[in-house]
Each structure stands twice: as C-alpha cells, then as structure tokens.
Amino acid sequence: MRNYILKRIVISCVTLLVILFALFILTSFLPGSPFNDERLTPEQISVLRTKYGLDKPVAIRFFRYVVNMLSGDFGTSYAISRNTPITMLLQTRLPVSFRIGGQAVMTGTICGLALGTVAALHHNTLWDTAATVISVICVSIPSYVFGLALSYCFGYKLRWLPMLYQADHPFTSSILPTASLCMFTIASISRFTRTEMLEVLGSDYILFAKSKGVNDSSLIVKHALRNSLIPVITVLAPLIVGLMTGSLVIERIFSIPGIGQLLIEGIQTNDYNVISAIVFLYSLLYIGIMLLVDILYGMIDPRIRTAGAEGGKHG
C-alpha cells in the first residue's frame, strides 16, 4: 500500500509541474503585455520587463517561479494591483469562492442523493419520471442561464434576494449563486445514485437481507445507499473542485469578488503571476482530490492497487 501511495503522489507532482510549464509557455503567446499603459514609452516598458524578469527565457522564469512557490511566494501583481503580493489578493477572495462553492456542493449532493434515491425506490412510477425530468433539465441548461433566470425572478421582479453580491449580507446574497451552481451537481449525483441504487437493490445480498426480515429503512440506508455511494464519489470529486473554486461566469453575473473573477481580470490585463497562481490552485485542488480518491479506492479495494503494481512491473 505504501508503494501504491508513493507512486500516486509522484505522478501527481509530475502532472502539476507539467501543467505549470505548459501554462508558462501559453502565457508567453498572449498578445500584449502587463504594461499596456499608453503613457509608457518602449524604453520604460523594457525597464519594467527587466525589473520583473519577463525578459528571461520561459525555462528560467519557470524554474524561478517554482523555487519561489515552494517558499510560499507567488510573486506580485503586474497590472491588477501593481506590486501587491498575490497571496494578499487570494486571501480576500478565496474564502468567498470556497464558501459559496461549499454551499453548492452540500446542497447539490444532498438534493441529488435524495432525488436519485426516490427515483430508484419508485422505479417506473410518476416519481421516477418526475425525478428524471428534473435531472435532464438541470444537466441540460447551463448554470449561467439558471443564474440569470433566478436573478431576474427573485432579485428584479420579486425583490426577495439581492441581485448582486453584498459583503454586508453574505448569506442572503449567496443564495442565488449557490442555487445556480448546484443544479448540475444535483443532476449528476441524482442520475448516478438512481442507476447504482437500482443495481444494488436487485443484487443477491439485498434479496437475502429482505428474506431475513431486515426493515426497509435499515435496508435502504445501511445497505443499498451505502454501497451506491462508492461510484458517486468518483463523479463528485471533480465537481467539488469546480464548485469550491467558483464558476467564472456565475461570479461575473452576481459580481462575486472571488478567484474566478480575479482570473478573468488577470487574463484581460495579462497579469501573468495572477494567472499562474490561480491555475496552480485549480490544478492543485483537482489533482489533490483525485489523488485522495485514488488512495481511498486503493484502501477499499485491494484489486486496484494490485492492478497498479502489476501495470508498473509490465511498464
């Protein structure tokens, strides 16, 4: 098991470095520069590029960035907030994105599990059809369409909730963004839960438990739902990253001061350090969660780590 975990960690670290290096290459092809002030002369721009090390080759810049990053230094902003450390920019925005994303994860997971369970327990009935229709609607309509519709109905027409994010009212102003973000999660979790529940409910050990007189509630919670959760975790893992780090469009619609909006500003102004820091954060969260899922799977099912070890030997 130790070798399996070490192998997954090494692969994850290499993947993260490859993503960062590819990012440095791509940002070097972006049109323009962080210093687009018309008042700056070409000589002044050249001095600024030298000051910030942007005149160096991509490989040297990448090496320096990785060394500084390991010490917690993500550099300073070139354009958005000149000479402000990136860590300071992230400190004010990360909690907002994480809170709204966390609310969306919890809401989407609970609603999706409930919807999928109801559909499976009432298979081929009106309840099953209704749950399927809801799932199809949630997965077909983009989150930004939900966001605009909810903002128009509950914000503009009914005036029940703020249309834009307000720092003074963080809970009420995060209800609409949370509802918009969780729709796709509800649909995904619901469909997988329904499929897995139907498969588990028709298995031999469930029929055996019924024959022994196990009551329905215990059968559903302790046996059927519990065994259906393992595949659902695989679907939920990448969704968590997207929701916890915020949606670029949703943050734009509701004027949420999160890292998604900061990334858009960084791309628009060619603020390379901002782009690199946020993409690194996205990649780290995604790879970290998938690594955790791999390790948990290896602990739950020994066949996975055995197959991985055999694959390494053949390779």
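**Points about the layout of surface pockets**
Regions of empty space are outlined by a rolling probe, equal in size to a water molecule, passed over the atoms. Counted as a void, the largest pocket has a volume near 350 Å³. Considering the residues around the largest pocket, the lining is formed by 17 residues, among which Tyr52, Tyr65, Asn68, Tyr78 and Asn273 are closest to the centre. Contributing elements (two or more residues each) for the lining of the largest pocket: helix H1 (2–28), helix H3 (58–70) and helix H12 (272–300). Top contributing element to the lining of the largest pocket by residue count: H3, with four residues. Taken together, the residues of the lining of the largest pocket break down into seven nonpolar, seven polar and three charged. Put simply, the second largest pocket is a space of about 180 Å³. Surrounding the second largest pocket, 13 residues form its lining, Ser12, Cys13, Leu16, Phe280 and Leu284 being those nearest its centre. Going through the elements one at a time, H1, H3 and H12 are the ones with two or more residues in the lining of the second largest pocket. Grouping the amino acids of the lining of the second largest pocket by side-chain chemistry returns eleven nonpolar, two polar and no charged.

**Structural notes on the nonpolar core**
Ranked by internal contacts, the top residues of the largest apolar core, which has 24 residues, are Leu20, Tyr65, Met69, Phe74, Ile86, Leu90 and Ile278. Looking at this core, the elements that each hand over two or more residues are H1, H3, helix H4 (86–121), helix H11 (259–268) and H12. Ala104, Ala131, Leu181 and Cys182 belong to the second largest nonpolar core, which has 18 residues in total.

**With respect to a nonpolar patch on the surface**
On the surface, a cluster of nonpolar side chains totalling about 620 Å² of accessible area is made up of Val133, Ile137, Ile141, Tyr144, Val145, Leu148, Leu248 and Val249. Of all the secondary structure elements, the ones that give two or more residues to the nonpolar patch are helix H5 (126–140), helix H6 (143–157) and helix H10 (248–253). Top contributing element to the nonpolar patch by residue count: H6, with three residues. Relative to the elements of secondary structure, Leu248 occurs in helix H10. On the basis of relative accessibility, which here comes to 33%, the residue Leu248 falls in the partly exposed class.

**So, the side chain of Ser151**
Looking at where Ser151 falls in the secondary structure, it is placed in helix H6. Ignoring anything within four residues of it in the chain, the contact list for Ser151 reads Tyr156, Met163, Leu176 and Phe254.

**Some words on the side chain of Arg93**
Within the element layout of this structure, Arg93 appears in helix H4. Despite its burial, Arg93 remains without a salt bridge, the nearest opposite charge being carried by Glu265 at 4.1 Å. At a separation of 3.3 Å, a polar atom in the side chain of Arg93 contacts the main-chain carbonyl oxygen of Gly258.

**Focus: the pattern of salt bridges**
Under the defined criterion, the tally for this structure stands at one salt bridge. One salt bridge connects Asp128 with Arg194, and the closest N-O pair in it is separated by 2.8 Å. Remark: Arg194 occurs in helix H7 (residues 175–201) and Asp128 occurs in helix H5; sequence separation between them is 66 residues.

Here is what the cut-offs are and how they apply
- Residues numbered from 1 in each chain as written.
- Predicted model: local features only at pLDDT ≥ 70, side-chain atom pairs only at ≥ 80, totals over all residues.
- Heavy atoms only, no water.
- 1 Å grid on protein atoms, 1.4 Å probe; cavity = no way out; pocket = protein on both sides within 12 Å on 5 of 7 lines; lining within 4 Å.
- Points joined across faces, edges and corners; volume = space filled by probe spheres on them.
- Helix = DSSP H or I, 4+ residues; strand = E, 2+ residues; numbered from the N terminus.
- Nonpolar A, V, L, I, M, F, W, Y, C, P; charged D, E, K, R; others polar.
- Core = buried A, V, L, I, M, F, W, Y, C linked by side-chain atoms within 4.5 Å.
- Buried < 20%, exposed > 50% of the residue type's maximum accessible area, 1.4 Å probe, protein only.
- Patch = residues over 30% accessible without salt bridge, like charges linked within 9 Å, V, L, I, M, F, W, Y side chains within 5 Å.
- Areas by Shrake-Rupley, 256 points an atom, 1.4 Å probe, with all protein chains shown as cover.
- Salt bridge = Lys/Arg side-chain N within 4 Å of Asp/Glu carboxyl O.
- Contact = heavy atoms within 4.5 Å.
- Lys, Arg positive; Asp, Glu negative; His and termini not counted.
- Polar contact = N/O pair within 3.5 Å; in protein donor to acceptor, adjacent residues only side chain to side chain.

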